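Structural overview
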Amino acid sequence: MQQIRIIYYRQKCTGCNACVEADSRRWRISKKDGKSVLINAKEKKGIYLFTTDNEDEFIKSKKAEKNCPVKIIKVEMSKEK
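Things to note about the pattern of salt bridges
Enumeration over the complete set of coordinates arrives at four salt bridges. Asp33 is paired through a salt bridge with Arg10; the nearest N and O atoms lie 2.9 Å apart. Of this pair, Asp33 sits in the loop between strand 2 (27-29) and strand 3 (36-38) while Arg10 sits in the loop between strand 1 (2-9) and helix 1 (18-22), and the two are 23 residues apart along the sequence.

Dropping the structure here:
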């Protein structure tokens, strides 16, 4: 089974909305500070991480990664052991 990890460095977000346009089920813009929120992610030291085994999310997540102008979204896929 494939494991998909989305890593997001929120502190550097410019709030451009490109990730939301790529995948509105996984991303939204915060009304509080105008930055993107990675829905259901866990935060540790300012870095947000979301993992799933839903391979359907990979394509949209990669599009969000590609569209991000400040390159603060990383999407990885690996085989689970």
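Some remarks on the environment of Val70
Summarising the element assignment, Val70 is placed in the loop between helix 2 (56-67) and strand 6 (73-79). Considered as a pair, Val70 and Lys12 are 58 residues apart in the sequence and their alpha carbons are 7.6 Å apart. Excluding its chain neighbours within four sequence positions, the residues that come into contact with Val70 are Lys12 and Thr14.

Brief notes about helix 2
If you check which residues of helix 2 are buried, you get Glu57, Ser61, Ala64 and Glu65. Along the axis of helix 2, the buried positions cluster into a sector of 100°, meaning they face one direction only. Turned more than 90 degrees away from the buried face of helix 2, the exposed residues are Ile59 and Lys66.

Concerning the packing of aromatic side chains
Overall, the coordinates contain two aromatic pairs when judged by the stated rule. Geometrically, the ring pair formed by Tyr8 and Trp27 is edge-to-face, given 4.9 Å between the ring centres and 90° between the ring planes. Highlighted residues: Tyr8 in strand 1 and Trp27 in strand 2, separated in sequence by 19 residues. Ring geometry for Tyr8 against Tyr48: centres 6.1 Å apart, planes inclined by 50°, an arrangement best described as tilted. Of this pair, Tyr8 sits in strand 1 while Tyr48 sits in strand 5 (residues 47-52), and the two are 40 residues apart along the sequence. Chaining the aromatic ring pairs together yields one cluster made of Tyr8, Trp27 and Tyr48. A cation over a ring is seen here: Arg26 above Phe50, with NZ or CZ 3.8 Å from the ring centre.

Definitions and limits used
- Residues numbered from 1 in each chain as written.
- Predicted model: local features only at pLDDT ≥ 70, side-chain atom pairs only at ≥ 80, totals over all residues.
- Heavy atoms only, no water.
- Salt bridge = Lys/Arg side-chain N within 4 Å of Asp/Glu carboxyl O.
- Helix = DSSP H or I, 4+ residues; strand = E, 2+ residues; numbered from the N terminus.
- Contact = heavy atoms within 4.5 Å.
- Buried < 20%, exposed > 50% of the residue type's maximum accessible area, 1.4 Å probe, protein only.
- Arc of directions from axis to C-beta.
- Phe/Tyr/Trp six-rings, centres within 6.5 Å; stacked < 30°, edge-to-face > 60°.
- Lys NZ or Arg CZ within 6 Å of the ring centre and 35° of its normal.

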